[in-house]
Amino acid sequence: MHFFIKFGLNLIRMKNITLLFFTLCFVLFCTFIIYYLEPDTFGNFLNSFYFVMTTFTTVGYGDYSPVTEIGKLFTVFMYLMGIGLLSIVIGKVIDAFTIYKRKREEGKLQYKKENHIIIIGWSKKTEVAINEILASNKTMEVVLIDSLPQSPFDISKERVHYIQGDPAEESSYQKANISKAKSVIIFSDESIEQPSLRDAKTLTIAIIVERLAPTVHTTVEILIEEHISNFSHVKVDEFILSQETISNLAVRSALYKGVSKIYSQLLSRSHGENLYQIPKKETWNTYKEAFNDLLNQGATLIADGNKLDINRRLNEMIPSNAELYIICDQTTYDNILK
């Protein structure tokens, strides 16, 4: 008994790969021995392997069983050794899944995929942004970086990955595989009360992001427009003035009744028509040709990049690097891409 206890403890202490290799060797060993002892009973190695596995798993269908005394003694040996060995292996597998789940919840797993969106800082705005990304693109994955002890969202969302770390440290971004990301969104830290300090922290994070991934598209939320000049040496692609945007929208809504509904449609796919970016087709030479073709398909061409004066430039040639934006529904957009 002492031997079996000591042997079991040694198995538990084994590394997983070593235990798996040992288990495989033991199964093959038992398969060979039982066939060697009773070749007429089992007929071939596959039947012997089948008998060994049903014995280890205590299924014991009884369609194959040894008839000689030495065969029965060896089967007893397999009972004593194999069942315990397989139980340890199964326990190790369950532990591995448990550890993986815990590490994923705590944000301690490195993200290794590419073409993802990284969002820095957890808040209600972050939650809305993640849900919008998941709803707008069926394949896009999101990586959140924050210092929370556990993931703030349900880890059953396979396309959302959490990285626990300080946004001011390079290691957090390396775990998020920032060099292979599609874009980065930096939200202002709502735990800081003073707007100037919040923008200062955002600037620090933006410097780290641009240094680690200068080619990745970066969108930054700032509170005070005058602070944009502080980012002049950082190649941030786009700024969002959160407070002024809300104020301006409130004013437009007061001046023009119902205009907020138009903004909602353009900003979120959950409301009516949406804004989409499309590539230039080879058959389009001028904006007029693109405008008419898209109109016939149920879409309206409204902009090229940040230029909203398409209606006054219809006869101009479309550049090869054009960033065309249209307004339409999801079905029309999918048909245009086809």
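Residues numbered from 1 in each chain as written. Predicted model: local features only at pLDDT ≥ 70, side-chain atom pairs only at ≥ 80, totals over all residues. Heavy atoms only, no water.

S.K.: For this particular structure, what's the right way to read the overall build of the chain?
M.R.: A count of helices and strands for the chain gives twelve helices and nine strands. Relative to its 338 residues, the chain shows a buried fraction of 36%. In the chain, the proportion of contacts linking residues at least 24 apart, taken out of those at least 6 apart, comes to 60%. For the chain, the accessible area works out to roughly 20,500 Å², and carbon and sulfur atoms hold 58% of it. (Helix = DSSP H or I, 4+ residues; strand = E, 2+ residues; numbered from the N terminus. Buried < 20%, exposed > 50% of the residue type's maximum accessible area, 1.4 Å probe, protein only. Contact = heavy atoms within 4.5 Å. Areas by Shrake-Rupley, 256 points an atom, 1.4 Å probe, with all protein chains shown as cover.)

S.K.: I would appreciate a short explanation of the packing of aromatic side chains in the present structure.
M.R.: Given two aromatic rings, their pairing is described by the distance between the two centres and the angle made by the two planes. In this structure the tally under the stated criterion is 13 aromatic pairs. Considering the side-chain rings of Phe42 and Tyr64, the 6.2 Å spacing of their centres and the 25° angle between planes classify their relative orientation as stacked. Of the two residues, Phe42 sits in helix α3 (residues 39-42) while Tyr64 sits in the loop between α4 (45-56) and α5 (69-105), which places them 22 residues apart along the sequence. You can call Phe42 buried: its relative accessible area is 1%. The exposure class of Tyr64 is partly exposed, given its relative accessible area of 26%. Each member of the aromatic cluster is reached from another via a ring pair, and the members are Phe26, Phe29, Phe74 and Phe77. (Phe/Tyr/Trp six-rings, centres within 6.5 Å; stacked < 30°, edge-to-face > 60°.)

S.K.: What is the right way to read the sheet that holds strand β1 (residues 117-120) from this model?
M.R.: Sheet strands pair via backbone hydrogen bonds, and the direction of the pair is either parallel or antiparallel. In space, the six strands of this open sheet follow the order β3-β2-β1-β4-β5-β6, with parallel pairing throughout. In this open sheet, the two edge strands, each paired with only one partner strand, are β3 (160-164) and β6 (238-241). On average, adjacent strands in this sheet sit at an angle of 20° to one another, irrespective of strand direction. Taken together, the five bridges between strand β2 (residues 142-146) and β3 define a ladder with parallel strand orientation. (Pairing = 2+ DSSP bridges. Axes fitted to C-alpha atoms, helices over the stretch in contact; angles between N-to-C directions.)

S.K.: Mind showing me how you'd approach the packing of α4 against α5 here?
M.R.: Helices that pack against each other are described as a pair by the angle of their axes relative to one another and the distance between those axes. Their axes nearest at 8 Å, the elements α4 and α5 cross at an angle of 65°. At the point where α4 passes α5, the crossing takes the right-handed sense. For the pair α4 and α5, the contacting residues are Phe51, Val52, Thr55 and Phe56 in the first and Thr75, Met78, Tyr79, Gly82, Ile83 and Leu86 in the second. When its residues are assigned to classes, the contact of α4 with α5 shows seven nonpolar, three polar and no charged. (Left-handed = near helix turned anticlockwise from the far one by under 90°. Nonpolar A, V, L, I, M, F, W, Y, C, P; charged D, E, K, R; others polar.)

S.K.: Explain helix α8 (residues 195-212) here, please?
M.R.: For an α-helix, 3.6 residues make a turn, and residues three or four places apart therefore share a direction. With 18 residues, α8 extends 26 Å from end C-alpha to end C-alpha; this agrees with the ideal 26 Å at 1.5 Å per step. Among all positions of α8, only Arg198, Asp199, Thr202, Leu203, Ile205, Ala206, Ile208, Val209 and Glu210 are buried. Where α8 is buried, its residues touch β1, α6 (124-136), α7 (170-175), β4 (183-186) and β5 (217-222). (Expected span 1.5 Å × (residues − 1).)

S.K.: It is not clear to me how the pairing of strand β7 (residues 274-278) should be interpreted in this structure. Could you clarify?
M.R.: The side chains of a regular strand alternate between the sheet's two faces. Across the two faces of β7 the burial differs, with Asn274, Tyr276 and Ile278 buried and Leu275 and Gln277 not buried at all. Direction of pairing for β7 relative to strand β9 (residues 324-328): antiparallel, over a ladder of five bridges. Of the residues in β9, the one forming a bridge with Gln277 is Tyr325.

S.K.: Is there a simple way to think about unusual backbone geometry in this case?
M.R.: As a rule of thumb, non-glycine residues mostly have phi less than zero, and peptide bonds are mostly trans rather than cis. Although it is not a glycine, Asn115 sits at a positive phi angle of roughly 60°. Phi is positive for Asn177, close to 55°, though the residue is something other than glycine. Looking at the secondary structure, you find Asn177 in the loop between α7 and β4. The buried category is assigned to Asn177, whose relative accessible area is 15%.

S.K.: In this structure, what is going on with the sheet that holds strand β8 (residues 300-304)? I would like to understand it.
M.R.: An order of β7-β9-β8 is seen for the three strands of this open sheet, with the pairing classed as antiparallel. The strands lining the two open edges of the sheet, one partner per strand, are β7 and β8. In this sheet, neighbouring strand axes are inclined to one another by 35° on average, regardless of whether the strands run parallel or antiparallel. Here β8 runs beside β9; their pairing, made up of four bridges, is antiparallel. Each residue of the ladder has a partner; that of Leu301, found in β9, is Ile326. Packed onto the sheet, helix α11 (residues 287-296) meets β7, β8 and β9 and runs at close to 145° relative to β8.

S.K.: Which parts of the structure should I look at to understand the nonpolar core?
M.R.: Generally speaking, nonpolar side chains in soluble globular proteins are found buried as a group. Counting residues in each nonpolar core, the largest one holds 25 residues, and the members touching the most others are Ile118, Ile120, Tyr173, Val184, Ile186 and Val209. Those elements that place two or more of their residues in this core are β1, β2, β4, α8 and β5. At five residues, the largest contribution of residues to this core is made by α8. Among all residues touching Ile118, those that are not within four sequence positions of it are Val143, Ile145, Ala176, Ile178, Ala181, Ser183, Val184 and Ile185. (Core = buried A, V, L, I, M, F, W, Y, C linked by side-chain atoms within 4.5 Å.)

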